[in-house]
Amino acid sequence: SSKPSSKFTATTKALSKADKEMAKFYVLIGPPGAGKGTQAKIIADKYGLVHISSGDLFRENLKNETELGKLAQGFMARGELVPDDVTIGMVRDRISRPDCKNGALLDGFPRTPAQADALAVMLKEFDSKVELVPLIDVPAQVLIDRLSGRWSCRAQGHVFHEKFNPPQVAGICDIDGSELYQREDDQRSTVENRIKVYTQQTAPLIEYYQSRNLLVTVDGTKPIDEVSADLQAAIEKA
Ligand code: ADP
Ligand code: ADP
């Protein structure tokens, strides 16, 4: 495994012991369209956690035309996973920032057992660990409807649904007023591939975290506020 970046080490040292003990990291897993982003925003707000979405980080790099963005572009367009080394480096940089000193809610990372191993290693360097892994469970048929009606905000990744969670004004984010758009990878053919990729490469994480007694499954077919309530109950019980 690779050595931590100097930035990461510096931040680790800057944390006081009390801060380190308080740091809580949660990992939301679930298939594309399960409601991870929607719930992550709600839960992060509620508990004062930073929301880290690997998909949002990649899309920011795409928009800014960074090297990382250029590297990720083809994989994302095809609905494939970006290679682990690239993804792990990007998330490590994000977690090493001081705003994560109390912890974070990870959404979309890890997506492979290798990423999960890497996460455990980087959190150990903070004297921290994964606290709980809620799985938002939604069957494949529902996911297609969710993603084909999803509208995402350009500025901060807030998400809406034309039927299930419509914005007050069509095409405008309720929260920050930015433009809403439909992601190119939310078209049906790409969605089908993303679900296949989830089943093959990400679903093994269910057993991975189950065997570590960290997994809790939440029924993601319920309305948004009920899923939030179930997630909060699980977090408070943990
Ligand atoms: P979803 O809405 O399916 O949860 P995301 O926004 O999380 O989608 O991810 C969009 C795309 O970004 C993925 O299809 C993949 O190409 C890439 N990506 C995001 N997170 C990861 C990750 N942890 N590992 C590899 N690729 C990722
Ligand atoms: P993910 O991040 O897992 O890909 P999102 O949070 O982006 O999923 O949700 C996918 C789509 O489904 C969005 O359009 C969102 O508004 C909608 N959605 C999220 N949760 C629910 C729910 N519980 N019931 C109905 N629609 C939902």
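Position numbers for residues start from 1 in each chain and track the written sequence from start to end. Labels are handed out in written order, letters beginning with A for the chains and numbers beginning with 1 for the ligands. Restriction of local features to residues with pLDDT of at least 70 applies here, the model being predicted, together with a cutoff of 80 or more for giving and counting side-chain atom pairs; totals for whole chains, interfaces and linings are based on all residues. Just so you know, side-chain values use all the structure's heavy atoms and leave hydrogens and water out.

Focus on the overall build of the chain
Phase 1: Put simply, DSSP H or I for four residues or longer makes a helix, DSSP E for two residues or longer makes a strand, and each gets a number counted from the N terminus. Scanning the chain from N- to C-terminus turns up 11 helices and eight strands.
Phase 2: The globule rule is 2.2 Å times the number of residues to the power 0.38, and the radius of gyration it is compared with is taken over C-alpha atoms. Computed over its C-alpha atoms, the radius of gyration of the chain comes to 17 Å, within 12% of the 18 Å expected for a compact globule of 238 residues.
Phase 3: Based on the C-alpha atoms only, the size of the chain along its principal axes is roughly 45 × 40 × 35 Å.
Phase 4: Between buried and exposed lies partly exposed: a residue is buried under 20% and exposed over 50% of the maximum accessible area for its type, with that area taken using a 1.4 Å probe on protein chains only. Split into buried and exposed, the 238 residues of the chain put 47% on the buried side.
Phase 5: Looking at the chain alone, contacts between residues at least 24 apart form 73% of all its contacts between residues at least 6 apart.
Phase 6: Where the 31 positive side-chain charges of the chain centre and where its 33 negative ones centre are 4 Å apart. Whether two residues are in contact is decided by their heavy atoms, any of which lying within 4.5 Å being enough. None of His or the chain ends enter the tally, which takes Lys and Arg as positive and Asp and Glu as negative. Where a charge lies is defined by one atom per residue type, namely NZ (Lys), CZ (Arg), CG (Asp) and CD (Glu).

Things to note about the sheet that holds strand E8 (residues 215-219)
Phase 1: For two strands to count as paired, DSSP must find a minimum of two bridges between them. Across the sheet, which stays open at both edges, the five strands sit in the order E2-E3-E1-E4-E8 with parallel pairing between neighbours. Each edge of the open sheet carries a strand with a single partner, namely strand E2 (50-53) and E8. Pairwise comparison of adjacent strand axes, ignoring direction, gives a mean angle of 25° for this sheet.
Phase 2: On top of the sheet, helix H3 (residues 36-47) reaches strand E1 (24-28), E2, strand E3 (103-107) and strand E4 (130-137); it is set at about 165° to E3, its chief contact. Between N-to-C directions, angles cover 0 to 180 degrees, with each direction set by a line fitted to C-alpha atoms, over the stretch in contact for helices.

Things to note about the sheet that holds strand E5 (residues 150-153)
Phase 1: With antiparallel pairing, three strands are arranged side by side in an open sheet as E6-E5-E7. Edge positions in the sheet fall to strand E6 (159-161) and strand E7 (180-181), since each of these pairs with one other strand and no more.
Phase 2: Of the pairings in the sheet, the one linking E5 to E7 comprises two bridges and is antiparallel in character. Across the sheet, Ser152 pairs through a bridge with Tyr181, a residue of E7.

Observations regarding the confidence of the model for the chain
Phase 1: Confidence along the chain averages 92 in pLDDT terms, with 91% of residues attaining 70 or more.
Phase 2: The predictor rates its confidence in each residue with pLDDT, a number between 0 and 100. In this model residues 1-5 is a low-confidence stretch, pLDDT under 50, and it forms six contacts with partners more than four residues away in sequence or in other chains.
Phase 3: Note that residues 15-20 has pLDDT below 50 and, in this model, eight contacts with residues that lie over four places away or in other chains.

Comments concerning the site of ligand 1
Phase 1: Each residue is tested against the molecule or strand, and it is near if at least one of its non-hydrogen atoms lies within 4 Å. As a matter of local geometry, ligand 1 sits amid 19 residues, with Ser54, Arg59, Glu80, Gly108 and Arg194 nearest to it.
Phase 2: In this structure, a nitrogen atom belonging to ligand 1 sits 2.8 Å away from a side-chain N or O atom of Ser54.
Phase 3: Contact distances for ligand 1 include 2.6 Å between an oxygen atom and a backbone N or O atom of Glu80.
Phase 4: Surface accessibility follows the Shrake-Rupley procedure with a 1.4 Å probe radius. Residue values consider only the protein chains on display as shielding. Alone, ligand 1 offers 550 Å² of accessible surface; in the complex the protein occludes 97% of this.
Phase 5: In terms of residue count, the dominant contributor to the shell around ligand 1 is helix H4 (residues 54-63) (four residues). Here a polar contact is taken to be a pair of N or O atoms separated by no more than 3.5 Å, where protein atoms must pair a possible hydrogen donor with a possible acceptor and residues adjacent in sequence count only if both atoms sit in side chains.

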